[in-house]
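Architecture at a glance
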Amino acid sequence: MAQEAAIHLSGVTKRYPGVVANRDVELKVMPGEVHAVVGENGAGKSTLMKIIYGMVQPDSGTIEVDGRAVHFRSPREAIEAGIGMVHQHFMLADNFSVLENVILGSEPKSGVRIDFDTAATQITDLGKRYGLPLDPGEKVERLSVGERQRVEIIKVLYRGARILILDEPTAVLVPQEVSELFDSIRDLKRQGVTIIFISHKLDEVLEIADTITVMRGGRTVGTTTPAQVDARELAEMMIGSELPSPETRESTVQDRVLLEVSGLSLANDVGRALLKDVSFKVHAGEIVGIAGIEGNGQAQLVDALIGLEENATGRIVLAGDDLVDNEARDRRAAGMGLIPEDRQRQGLLLPSPLWENAALGHQYRRPFARGIWMDRREGRRQTEEIVRRFRVKTPTVDVPATALSGGNQQKLVVGREITAEPLVLIAAQPTRGIDVGAQAAVWEELKRARAAGLGILLLSADLEELIGLSDTIHVLFKGEFVARLDPAQVTPEDLGTYMTGAAKQVAV
Amino acid sequence: MRGTRFLTSVVAPAIALLIAFVLAGFALLLVDINPLDAYREMWNFGITPESLISAVNRAVPLFVSALAVAIGFKMGLFNIGVEGAYLLAALLAAYVGALYSIPAVLHVASILIVGMVVGAIWNGLAGWLKVRRGVHEVISTIMLNFIAFNLSAYLFIEHLKAETGGLTTATDLIPATGWIPSLNPILVGLGMEPRAGSELHGFLVIAIVLGVGYHLLVNRSRFGYDLRASGINPAAAHASGVNPKRMVISTMLISGSVAGLVGMSELLGFQHQYVQDFPVGYGFNGIAVALLGRNNPVGMAFGALLFGFMNRAALILDLRGVPREIVTIIQGLVVLTVVIVYEIISRYVTRRTVAAAARAAAMLEEETAAA
């Protein structure tokens, strides 16, 4: 008798106003396998996982778990059926211990008391069995990103999950942590746990998965195994055409220094150093990459450069003028541009029309302003120009920014910064959370601007992007530059070693 | 989006108004009063020419107060301190204005400027406290209101009231050069015959100018862009080069200077001196009108007229033995229902807009693919 599938979806369709997020999705996950679901952003992976986890109800189609038809109305019902999900963004209370986080919401009781001792033993046992070592008493705020992820996995296992959904689990990890995660996944598999692994990183998928289902445009376009395909073929299944790459090898670096930062330091209110003596140069036509695990001072570096940190000390010399005491608007006027790492938080006015969004950061000068007034006609015209040149998909420049997809929002942000012709552009996570097509477009524009003499400071968590685009890479660790590397010779593993602080160059 | 404006600017308030009157009707039924009779009485009394003039006179300070509040709202600042600012401003402007007599336009202008400066300083204090000490403006403006009430009472009684003993306690009368003439000649010109004692205050013209100025400042100027950006997304505004501290200070100064004008219609158009029972409450009711008009100048004008009309029409209820507090209840209900109905409709509109944009983007995609 053929083995019953752990999860079997058939003909699942989910429509949202104006878009079909999932269409006739077929997915068959066998018990005890690692099943990867790959696809570019917007291909429908997230919606599919939300359907399996009961967060979203499909419009049509059937879902079977262990051969029985189910209709989850909430994640609670999915959890009861043995399905657990580890979200890409961790949902942990930082000031709670590992133990408290794990049992939160399903506390073991003895009478009215919470039975911490039993829970601690269980957590330690789970950790041993699945190769996820953790100290139950440790506060989560003291854990590394990889350890936090372990807490999330333990949390799900503690609730009795036998089917584990991991949503982009490697997005936040450095290479060393990724290999630790993969060891854990193999342990989990040996213990009979079924794993659904969501990713768009193909080499990882090929390494860890037993079976791969590819999604494109809301449909499942095929199922294969790592033995049958290579990364190239998989990528072509994913995007339906050839894969773009960030590669730029011909150097356009000029002798002219546009931005020279020296001795840049910043401390927080209680005197802890957030940036320590950071120094670097950006030449015309050069892309300077900053590598580092999130939270090592990238955000502070950007804020200090753009003028949002009043307490920064040191020198920030842009085209000969020291701007360290100038505020943000003066720095913009002097030729500094910014693609913020979180476009919705720092880069957009979501309810406002596109043309007002295109003005953001440039609202004080032509073509968006004339004298003390906004120039609505010229502003619209400029925005139409940006929309055309950067292929922002929108009906008009009067729709609110919130109506655009993430990729199109990002193209607008990139477009408005590049068309403003700054001397130096600070690009923080310029392709985060956008689809392959938009990513390629952003890379193309950055390369073109670089060739035209723009100096770019690139901060990215995507190491391939960083290595592919940069002319020089600095590694930021705990607010300090610990290494300066040549992207032509460095591997992601080397970068990871510096990023975790495991190594440090003596002379940077 | 065709029809969107109509939905949000006409349909939403109309529905809200209807709901509010129905709910208030139930309140009237509870005290054994036929709501239809009460409403009919109010309507019949409210549409007499004298009532309409009075309603507009009542609406003008409410509108100015709403403008002051709305400027703050636009950048996410809640200025609760309009009340204190306008009382203090009216007292000091009345006192200063009575000290001298210069040609009419200059005299009126100088009195208005005194009021604006006092209001700006008073609300500016709250801005300064927020920027320097991180005191939330809601807290500081409420506290400053209490200080303003008592400070003005003290100054009035101890220092600024007229020495000549009259029947009323008041500051000296402002010379006639400092009065704003009534608009009755214009009404007569339009073929209306206002009864004696029923005067349309001339400050109406200044209020209209302020409304237009508000629109230009908020929706057309660079400053207004920074203001709105700060209100919609402070982090993005900051990153775009808006100095948040300076923005708080200037907004509170502008809001306060408008607040300083709230009492001027009453002062320069009618009383001509600060009297002990100078009308209070415009500052607080202005918050309701700003909410009602959703910070839109035309919307706030309608809101102020509605409130003015209802306040005037309520006078008849006393004579008919109906508690006129019912009107206050209706006003409260109107504000609540407008806020709720608007929220529902704007969610619907946003959903529709997003869906339309997504469809358009999908069509563009297909065109690109085909090309």
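All names here are of chain A. Ordered by their spatial adjacency, six strands build an open sheet running β6-β9-β10-β3-β11-β12, and the pairing between neighbours is mixed. The open sheet has two edge strands with one neighbour each: β6 (83–86) and β12 (219–224). Between one strand and the next, the sheet's axes are offset by a mean angle of 20 degrees, whatever the strand orientation. Of the pairings in the sheet, the one linking strand β3 (residues 34–38) to strand β11 (residues 211–216) comprises four bridges and is parallel in character. Each residue of the ladder has a partner; that of H35, found in β11, is T211. Sheet contacts for helix α5 (residues 145–158): β6 and β9 (163–167); angle to β6, the most-contacted strand, approximately 165 degrees. Against the sheet, helix α6 (residues 175–190) makes contact with β3, β9 and β10 (194–199), and its axis sits at roughly 150 degrees relative to β10, the strand it touches most.

What follows deals with the pattern of salt bridges. Residue and element names in this part refer to chain A. Applying the stated criterion across every chain, the model contains 31 salt bridges over all chains. Residue R148 is joined to D94 by a salt bridge in which the shortest nitrogen-to-oxygen separation is 3.4 Å. Residue R148 is found in helix α5, and its partner D94 is found in the loop between β6 and α3 (98–103); the two are separated by 54 residues along the sequence. By relative accessible area, which is 18% here, R148 ends up buried. A single salt-bridge network, built from bridges that share partners, covers D183, R186 and E207.

The next subject is the interface of chain B and chain A. The interface of chain B with chain A comprises 31 residues on the first partner and 36 residues on the second. The three residues of chain B that bury the most area against chain A are R220, R222 and Y225 of chain B, which together make up 24% of that side's buried surface. Put simply, chain B and chain A have three salt bridges between them. A salt bridge links R228 of chain B to E356 of chain A; the shortest N-O distance between them is 3.1 Å. Across the contact surface, chain B and chain A share 17 residue pairs in polar contact (both at pLDDT 80 or more). Counting residues per element, the ones that place at least two in the side of chain B that touches chain A are α8 (203–220), α9 (222–232), α10 (234–239), α11 (244–259) and α16 (325–370) of chain B. Classifying every residue of the side of chain B that touches chain A gives 15 nonpolar, eight polar and eight charged.

Take the packing of aromatic side chains next. Residue and element names in this part refer to chain B. Going through the model one piece at a time under the given rule, you end up with nine aromatic pairs over all chains. Taking 5.1 Å as the distance between ring centres and 85 degrees as the angle between the ring planes, the aromatic pair formed by F21 and Y39 counts as edge-to-face. You can see F21 sitting in helix α1 (residues 4–30) and its partner Y39 sitting in helix α2 (residues 35–46), a full 18 residues away along the chain. For F21, a relative accessible area of 23% puts it in the partly exposed group. Judged by centre distance (5.3 Å) and plane angle (70 degrees), the rings of F156 and Y274 are edge-to-face.

Attention now moves to the pairing of strand β13 (residues 257–267) of chain A. Residues and elements named next belong to chain A. The sheet contact formed by β13 and strand β14 (residues 273–283) spans seven bridges and is antiparallel. Bridge pairing in β14 links V261 to F280. What sits between β13 and β14 in their antiparallel hairpin is a turn of five residues, with G271 showing a positive phi close to 90 degrees.

Taken over all residues, the pLDDT of chain A has a mean of 87, while the share at 70 or more is 95%. Model confidence for chain A, summarised as mean pLDDT per element, is weakest for strand β7 (residues 109–110) of chain A at 74 and strongest for strand β21 (residues 424–428) of chain A at 96.

This brings us to the side chain of S140 of chain B. When you line up the elements, S140 of chain B lands in helix α6 (residues 137–160). Of the polar contacts made by the side chain of S140 of chain B, one reaches the backbone oxygen of E137 of chain B; its length is 3.3 Å.

Bringing α11 of chain B into the picture now. Residues and elements named next belong to chain B. Helix length check: α11, at 16 residues, gives a terminal C-alpha distance of 22 Å against a target of 22 Å (1.5 Å per residue), a fit within 8%. M247, V248, T251, M252, S255, G256, S257, V258 and A259 are the residues of α11 that are buried. Here the buried face of α11 lies against α3 (49–74), α4 (82–97), α5 (104–133), α6 and α9. Two or three places before K245, at the start of α11, stands the capping residue N243, its side-chain oxygen 3.0 Å from that residue's backbone nitrogen.

Parameters at a glance
All residue numbers refer to position in the chain's written sequence, counted from 1. Chain letters and ligand numbers both follow the written order, the letters beginning at A and the numbers at 1. Reporting of local features is limited, given that this is a predicted model, to residues whose pLDDT is at least 70; pairs of side-chain atoms are given and counted only at 80 or more, and all residues count toward the totals for whole chains, interfaces and linings. Remark: hydrogens and water are excluded; side-chain values derive from all non-hydrogen atoms of the structure. Only strands that DSSP links by at least two bridges are regarded as paired with each other. In this description a helix means any DSSP run of H or I spanning at least four residues, a strand means any run of E spanning at least two, and both kinds are numbered starting from the N terminus. Each axis is a line fitted through C-alpha atoms, taken for helices only over the stretch in contact, and angles between the N-to-C directions span 0 to 180 degrees. We call two residues contacting when some pair of their heavy atoms lies within 4.5 Å. Should a side-chain nitrogen of Lys or Arg be within 4 Å of a carboxyl oxygen of Asp or Glu, the pair is scored as a salt bridge. Exposure classes here rest on a 1.4 Å probe applied to the protein chains alone. A residue is buried below 20% of its type maximum, exposed above 50%, and partly exposed in between. Summed over both partners, the accessible area (1.4 Å probe) lost when two parts come together is defined as the buried area. Between N or O atoms, a polar contact is any pair within 3.5 Å; within protein, one atom must be a potential hydrogen donor and the other a potential acceptor, and residues adjacent in sequence are included only when both atoms are from side chains. Each residue gets one label: Ala, Val, Leu, Ile, Met, Phe, Trp, Tyr, Cys and Pro are nonpolar, Asp, Glu, Lys and Arg are charged, and the others, such as Gly, are polar. Aromatic contacts are taken between Phe, Tyr and Trp rings whose centres are within 6.5 Å, Trp giving its six-membered ring; a plane angle under 30 degrees counts as stacked, one over 60 as edge-to-face, and the others as tilted. What pLDDT conveys is the predictor's confidence in a given residue, as a value from 0 to 100. Each residue after the first adds 1.5 Å to the expected span of a helix.

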